[in-house]
Amino acid sequence: MAKRTAHIGLSLGADICWPICYEGLLDQLALDIKQGRDQVDVNCERVTIEPFNLEQPVKYDVVIDRLTHWYGVSREWIKKAIVLNDLYVYNNPWSLQSNEKHTSYAAMLRLGLSVPETWMLPPKAYENQDDLEVTLQKYARMFSLDEIGDRIGYPFFMKPYHGGGWKGVSKIDNAGDLHKAYNESGTELMNLQKAVLPHEHFVRCVGLGPQFRIVNYDPGAPLHDRYRMEQGFLSAEHEEELIDIGLTINSFFGWDFNSAESLLQDGTWHPIDFANACPDSQVTSLHYHFPWLIKANLRWSIFCAVTDRKMRKNMDWDPFIKIADSDRSQAEKLKAYAAIGNKRFETEKFREFCRKNLGHLDELAYDFFGSDIMRDAIHQKVSSLFPAHEIDEFTELFWTRIQDWREREGQHGDKDFQ
Ligand SMILES: Nc1ncnc2c1ncn2[C@@H]1O[C@H](COP(=O)(O)OP(=O)(O)OP(=O)(O)O)[C@@H](O)[C@H]1O
Ligand SMILES: [Mg+2]
């Protein structure tokens with residue numbers, strides 16, 4: 001029997017609270033896992049930024065990455081480490097870089113999901129480029145905004161094709177709004193998307209590997225109240241469908257950690273925003289759901305590191321497209337996509353691994369989230385975001401919500417892993 005250490009790296013930016021909790025709980029788990037012929041312990045450290053030789057070795061088995069979508073050096077280090085050093089990263093950086101929100105709409109339409117009618121407009125303005133004028137003069141067709149507005153039907157939303165945290169999103173109620181928003185959009189490429197209004201539910205479904213958390217979401221509330229705390233507000237069928245949609249999206253794009261926004265209207269789920277790989281993980285927005293995130297993150301990363309899970313470097317969309325082109329009903333197709341998702345995420349093997357090796361996580365987490373370390377992590381995060389006179393009040397608010405989680409859910413543990 002060989003002794004082996006599995007190394008997990010955290011590639012972080014301004015993150016404060018979740019790494020403290022992730023590292024603290026990992027430490028307390030004191031893992032010593034029998035994996036095949038090996039006895040494996042797990043080490044975690046924060047990845048630093050420095051010059052690197054492409055051929056220099058990488059010590060990590062898994063990197064949890066928060067920087068690929070905006071920080072070039074880390075993104076390129078990660079890409080070389082996957083190709084040259086067999087690193088496992090969540091999320092697939094090539095997919096993250098190239099599959100914008102716009103592509104995610106197109107792909108899920110191809111699979112038959114009820115993405116609302118979506119258009120793209122040529123931009124209102126351009127940066128100067130050598131061949132621009134001749135290209136536009138030759139090929140750019142004049143178009144009538146009013147006509148497009150009428151074809152979609154009001155209201156609809158105008159939003160940047162790559163997403164970006166609510167920036168540049170406007171609700172368009174009439175032709176006047178449309179002209180105004182387009183005139184202000186500058187060089188930004190914009191999608192227009194039919195509004196799903198009114199709707200019965202607005203839900204965020206956060207996925208970590210094959211684990212999903214369904215959260216009632218109120219986009220109109222202040223940031224600290226957007227994630228609502230109630231659980232079990234959907235029927236079992238609607239929950240299952242949402243999880244199948246999550247499995248489909250995340251396995252299709254190679255996103256281990258992603259969040260999907262869907263709206264339920266007349267009994268049908270309409271996904272409207274689901275290219276959010278590596279979503280907000282802060283206690284100040286997740287509060288009640290924060291312990292779930294830490295536990296799910298620990299489970300998935302430990303599983304990937306200890307079992308030496310192989311990174312899927314290419315997307316391989318054909319199996320999905322084949323199902324889309326079959327003569328099954330849409331409900332059957334969704335089940336078949338989700339089955340690919342479960343296969344790619346190794347759901348059964350993962351659950352078995354957790355039952356066998358992480359049985360003590362629930363109890364440790366219950367104590368941890370009631371400890372001074374948790375309270376201090378909240379305080380640090382709140383201090384970095386809120387004005388001085390609100391720090392105590394908001395620290396207390398988020399602390400109380402986490403204690404609510406302990407009482408309502410924490411003491412029972414997660415049923416999927418028992
Ligand atoms: N088709 C739609 N129907 C109803 N509401 C919508 C629709 N599209 C957008 N919205 C509203 O606008 C908000 C912002 O839009 P969206 O979530 O697509 O962009 P975003 O959050 O900026 O993007 P990202 O999360 O990718 O950064 C949504 O949370 C929702 O409240
Ligand atoms: Mg959104």
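Here the structure is a predicted model, which is why all the values come from computation and not from measurement.

Quick notes on the rules
Residues numbered from 1 in each chain as written. Chains lettered and ligands numbered in written order. Predicted model: local features only at pLDDT ≥ 70, side-chain atom pairs only at ≥ 80, totals over all residues. Near = placed C-beta within 6 Å. Domains from an automatic or database assignment. Pairing = 2+ DSSP bridges. Helix = DSSP H or I, 4+ residues; strand = E, 2+ residues; numbered from the N terminus. Expected span 1.5 Å × (residues − 1). Buried ≥ 20, exposed ≤ 12 C-beta atoms within 10 Å, placed from the backbone. Arc of directions from axis to C-beta. Contact = placed C-beta atoms within 7 Å.

A. Layout of the site of ligand 1. Around ligand 1, 20 residues are found, and the nearest of them are F157, G163, V196, P219 and D273. Among the domains, domain 2 (98-115 + 199-277 + 312-345) and domain 3 (117-194) are the pair contributing at least three residues each to the shell around ligand 1.

B. Representation of the pairing of strand β3 (residues 38-46) within the structure. Of the strand pairs in this sheet, strand β1 (residues 2-11) and β3 are connected by nine bridges, and their pairing is parallel. The residue of β3 that forms the bridge with A6 is V42. The pairing of strand β2 (residues 33-35) with β3 spans three bridges and is classified as antiparallel. In the strand pairing of β3, Q35 is matched with D38. Between the antiparallel neighbours β2 and β3 lie two residues, among them G36 with a positive phi of about 60°.

C. Local environment of helix α12 (residues 330-344). Along its 15 residues, α12 runs 21 Å from first to last C-alpha, staying within 8% of the 21 Å computed at 1.5 Å per residue. Among all positions of α12, only K333, L334, Y337, A338 and G341 are buried. Buried residues along α12 cover an arc of 135° about the axis, so they all sit on one side. Those residues of α12 hidden inside the fold are in contact with α8 (236-253) and α11 (318-324). Looking one or two places after α12, you find E346, whose phi comes out positive at around 55°.

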